[in-house]
Amino acid sequence: MSDNSNKNDKKLDLNKVEEPITEYSTEKTYVNIEDHPLFAKVIEKSKKDLKEGKGIPHEVVMKNIKEKYPFLK
């Protein structure tokens, strides 16, 4: 009778699924965006484009969005 119970235990072990243990890091690994070296370059380029008239006025952008997505209000 003990042989039969051992076989049943082995079958149960084969059918058991366990999720692997995963460790998640909770430390902040990002850098403040303002300290990033490319941030200053992007801001300078944006200011230059604005001075050259390459920007789009807010009213025009909002008009285009409302035409493209009329369900937004």
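Scroll up to find the structure this text is about.
Overview of the structure. Computed from a prediction, not measured in an experiment: that's the story for all the values here.

Description of the overall build of the chain
Of regular secondary structure, the chain possesses three helices and zero strands. Taken from the N to the C terminus, the helices and strands of the chain come in the order α-α-α. Per-residue burial for the chain yields a buried fraction of 1% across its 73 residues. As displayed, the chain has an accessible area near 8000 Å², and 57% of this comes from carbon and sulfur atoms.

Quick word on the pattern of salt bridges
Across all of its chains, the model carries four salt bridges by this definition. As a salt-bridge pair, D49 and K45 come within 3.0 Å of each other at their nearest N and O atoms. Of this pair, D49 and K45 are both found in helix α2 (residues 37-51), four residues apart, which corresponds to roughly one turn of the helix. Judged by relative accessible area, which is 18%, D49 ranks as buried. We note a salt bridge from K63 to E67, for which the minimum N-O separation is 3.6 Å. Here the residue K63 and the residue E67 both occupy positions in helix α3 (residues 58-68), the gap between them amounting to four residues, near one helical turn. Across this residue pair, the class does not change: K63 and E67 are exposed. Here the residues in one salt-bridge network are K45, D49, E52 and K54, joined through shared partners.

Examining the packing of aromatic side chains
For any pair of aromatic rings, geometry is given as the distance between the ring centres together with the angle between the planes. Under the counting rule described, the total for this entry stands at one aromatic pair. When the ring of Y69 is compared with that of F71, the centres are 6.0 Å apart and the planes differ by 75°; the resulting orientation is edge-to-face.

What about a nonpolar patch on the surface?
Side chains of I56, V60, V61, M62, I65, Y69, F71 and L72 sit close together on the surface and give an oily, nonpolar patch of about 700 Å² of accessible area. Judged by relative accessible area, which is 32%, I65 ranks as partly exposed.

Topic: α2
Helix length check: α2 (15 residues) gives 22 Å between terminal C-alpha atoms against 21 Å at 1.5 Å per residue, within 8%. Directly after α2, the chain includes G53, whose backbone phi takes a positive value near 80°.

Rules and cut-offs
- Residues numbered from 1 in each chain as written.
- Predicted model: local features only at pLDDT ≥ 70, side-chain atom pairs only at ≥ 80, totals over all residues.
- Heavy atoms only, no water.
- Helix = DSSP H or I, 4+ residues; strand = E, 2+ residues; numbered from the N terminus.
- Buried < 20%, exposed > 50% of the residue type's maximum accessible area, 1.4 Å probe, protein only.
- Areas by Shrake-Rupley, 256 points an atom, 1.4 Å probe, with all protein chains shown as cover.
- Salt bridge = Lys/Arg side-chain N within 4 Å of Asp/Glu carboxyl O.
- Phe/Tyr/Trp six-rings, centres within 6.5 Å; stacked < 30°, edge-to-face > 60°.
- Patch = residues over 30% accessible without salt bridge, like charges linked within 9 Å, V, L, I, M, F, W, Y side chains within 5 Å.
- Expected span 1.5 Å × (residues − 1).

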